[in-house]
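# Secondary and tertiary structure notes
Chain residues, written in single-letter form:
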Amino acid sequence: MNAVTRRVVIGTAAVSMALSLAACGQAGDNGSGDAGGDGKTIGLLLPENKTTRYETFDRPIIEAKIKALCSDCEVKYNNAAQDTETQKKQFDALVTQGVKVIILDSVDYKATKSWVQQAEKKGVKVVAYDRLAEGPISAYVSYDNEKIGRLQGEALVKALGDKAKDANVVMINGSPTDPNAPLFKKGAHSVLDGGVKKVVYEQDIPDWSPDEANKKMGAAIDSLGKNGFQGVYSANDGMAGGIITALNKQGVKVPVGGQDAELAGLQRILKGDQAFTIYKQIKPEAETTAEIAVKLLKGEKIDDLVTTKVTSLTGEFKDIPAKLYDAQIVTKENIASTIIADNVYKAADICTAEYKAACEAAGIK
């Protein structure tokens, strides 16, 4: 090999190594890859983007609040797109980069135990956001999720009216890897098991997939017949959309509930396709989480921000400092006094041309 050839080979190898190191730096942080260990960086890991709330509300609210409280703080953000292994890589990358506080909304809560334990050994504080992750968590901010399930059950019973006691109900539950899903289910069952005749068909839906919910609803209609059920519980609005499409295809009209007050869900409520949703004020949840993260970053106490203690779903981790917010049922009658009054969406966002008449009928201008 002559000198020129050798220089080219060595140069190529160096470039190749540099590219591969750069790729490693990108694995968890979309390429920001700096050390981040200066006590000014907070990691933010959200679980999925099928539910519109995360990118539309949670992320921008958390980032804005952190900036307001700590102008020179940096937020390293990633969305796992519902993939546990992707989220693990994102989490590990943040720890490797020296990030000392991570806000984690887990894809699969059971998988996080070893991550959080390893992070704790390196002095990293983890704040569980919206979903309670497994492990030695420093704080948890969410809602009273069993109560949300009860609200969903109560709203469906109310939508069924005097026919509730004789009504058969289909239940389409959330993702088995989401720790909130069994709490929604438990709360809903606590009402429906005594409030309706029978739950005649029930399925958990991986990844909260609207397409899968649509398929399961189609299977339920095939199994039960078009008159074999009088209402449908949907754990969230995204799946309610898939369910309602399946019902409409078969010409079935029954009350369907949801959760999250998604724009499309609110429009379906106004149109009469969906009976209700559950409105969870994301702003206080997101801002409290940001406040806790900044305080932990600065080594300050968080006692004034947490009001209760919780135990992990496995029962292994106890006395986790927590703040749990309440939620409320939203129907056609109170969209204006809740969603619009709180500036979640403006009337103009909801009342597009297709829904203008429905908005006017509901007194929304």
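Described below are features of the structure shown in this document. This structure is a prediction, so every number in the text was calculated from the model and none was measured. (Residues numbered from 1 in each chain as written. Predicted model: local features only at pLDDT ≥ 70, side-chain atom pairs only at ≥ 80, totals over all residues. Heavy atoms only, no water.)

Check the secondary structure of the protein chain and you find 13 helices and 12 strands. For the protein chain, buried positions account for 52% of its 365 residues. Considering only intrachain contacts with a sequence separation of at least 6, the fraction spanning at least 24 residues in the protein chain is 71%. (Helix = DSSP H or I, 4+ residues; strand = E, 2+ residues; numbered from the N terminus. Buried < 20%, exposed > 50% of the residue type's maximum accessible area, 1.4 Å probe, protein only. Contact = heavy atoms within 4.5 Å.)

Packing of helix α5 (residues 145–160) against helix α6 (residues 180–195) leaves a shortest axis separation of 7 Å and a crossing angle of 40 degrees. When the axes of α5 and α6 are compared, the crossing they make is right-handed. Counted together, Asn 145, Glu 146, Ile 148, Gly 149, Arg 150, Gln 152, Gly 153, Glu 154, Leu 156 and Val 157 of α5 and Asn 180, Leu 183, Phe 184, Lys 186, Gly 187, Ala 188, Ser 190, Val 191, Leu 192 and Gly 195 of α6 form the full contact between these two elements. Here the residues of the contact of α5 with α6 sort into 8 nonpolar, 8 polar and 4 charged. (Axes fitted to C-alpha atoms, helices over the stretch in contact; angles between N-to-C directions. Left-handed = near helix turned anticlockwise from the far one by under 90°. Nonpolar A, V, L, I, M, F, W, Y, C, P; charged D, E, K, R; others polar.)

In terms of nonpolar packing, the biggest core is built from 87 residues, with Met 217, Val 232, Leu 247 and Ile 335 touching the most fellow members. Ranked by residues supplied to this core, first place goes to helix α10 (residues 282–297) with 8 residues. In terms of nonpolar packing, the next biggest core, distinct from the first, is built from 21 residues, Phe 91, Val 116, Ala 119 and Leu 132 among them. (Core = buried A, V, L, I, M, F, W, Y, C linked by side-chain atoms within 4.5 Å.)

This brings us to empty space enclosed by the protein. One pass over the structure, following the stated rule, counts 3 cavities of 30 Å³ or more. Here the largest cavity defines a volume of roughly 110 Å³. For the largest cavity, the lining is made up of 14 residues, of which Tyr 54, Asp 178, Trp 208, Asp 260 and Lys 280 are closest to its centre. Secondary structure elements with two or more residues in the lining of the largest cavity: α2 (53–69) and α6. Looking at the lining of the largest cavity residue by residue, the classes come out as 3 nonpolar, 4 polar and 7 charged. Of the pockets and cavities examined, the second largest cavity occupies roughly 50 Å³. In terms of lining, the second largest cavity is formed by Ile 244, Leu 247, Asn 248, Val 252, Lys 253, Val 254, Val 256 and Asp 273. A breakdown of the residues in the lining of the second largest cavity according to their chemical character gives 5 nonpolar, 1 polar and 2 charged. (1 Å grid on protein atoms, 1.4 Å probe; cavity = no way out; pocket = protein on both sides within 12 Å on 5 of 7 lines; lining within 4 Å. Points joined across faces, edges and corners; volume = space filled by probe spheres on them.)

Note: strands within a sheet are paired through backbone hydrogen bonds, in either parallel or antiparallel orientation. Taken together, the 7 strands give an open sheet; going across it, the order is β2-β1-β3-β4-β5-β11-β10, and neighbouring strands pair in mixed fashion. Each end of this open sheet is capped by a strand with a single partner; those strands are β2 (74–79) and β10 (308–310). Within this sheet the neighbouring strands show an average axis-to-axis angle of 25 degrees, counted without direction. Here strand β3 (residues 101–104) runs beside strand β4 (residues 125–129); their pairing, made up of 4 bridges, is parallel. Looking across to β4, one finds that Leu 104 is bridged to Ala 128. (Pairing = 2+ DSSP bridges.)

Right, let's get into the environment of Ala 322. Among the structural elements, Ala 322 can be located in strand β11 (residues 320–325). When the C-alpha atoms of Ala 322 and Leu 132 are compared, they prove to be 9.8 Å apart, with 190 residues separating the residues in sequence. Leave out the neighbours within four places in its chain, and Ala 322 touches Tyr 140, Val 306, Thr 307, Thr 308, Lys 309 and Val 310.

Looking at chain direction, strand β6 (residues 168–173) and strand β7 (residues 198–204) are connected through 6 bridges and run parallel. From the neighbouring strand, Ile 172 faces β7, where its bridge partner is Gln 203. With α6 bridging β6 and the parallel β7, this β-α-β connection has right-handed handedness. (Right-handed = clockwise from strand over helix to strand, strands pointing away.)

For any two aromatic rings, the description comes down to two numbers: the centre-to-centre distance and the angle of the planes. One pass over the full model with this rule turns up 3 aromatic pairs. Relative to Trp 115, the ring of Phe 91 lies with its centre 5.6 Å away and its plane at 45 degrees, an arrangement referred to as tilted. In this pair, Phe 91 sits in helix α3 (residues 84–96) while Trp 115 sits in helix α4 (residues 113–121), placing the two residues 24 residues apart along the sequence. As far as burial versus exposure is concerned, Phe 91 and Trp 115 are alike and both buried. Ring geometry for Phe 184 and Trp 208: centres 6.4 Å apart, planes at 70 degrees, overall edge-to-face. Of this pair, Phe 184 sits in helix α6 while Trp 208 sits in the loop between β7 and α7 (210–224), and the two are 24 residues apart along the sequence. The residues Phe 184 and Trp 208 share a single accessibility class, namely buried. The ring of Tyr 54 has Arg 53 lying over it, and the distance from NZ or CZ to the ring centre is 5.0 Å. (Phe/Tyr/Trp six-rings, centres within 6.5 Å; stacked < 30°, edge-to-face > 60°. Lys NZ or Arg CZ within 6 Å of the ring centre and 35° of its normal.)

Attention now moves to the state of the cysteines. Applying the stated criterion across every chain, the model contains 2 disulfides. Between the sulfur atoms of Cys 70 and its disulfide partner Cys 73 the distance amounts to 2.0 Å. Around the S-S axis, the bridge from Cys 70 to Cys 73 shows a dihedral of about 70 degrees and counts as right-handed. Summarising the burial analysis for this pair, Cys 70 and Cys 73 share the class buried. Across a sulfur-sulfur distance of 2.0 Å, Cys 351 and Cys 359 are joined as a disulfide pair. Disulfide Cys 351-Cys 359: torsion about the S-S bond near -95 degrees, hence left-handed. Judged by its relative accessible area of 18%, Cys 351 falls in the buried class. Judged by its relative accessible area of 1%, Cys 359 is buried. Taken in N- to C-terminal order, the disulfide-linked cysteines of the protein chain are connected 1-2, 3-4. (Disulfide = S-S within 2.5 Å.)

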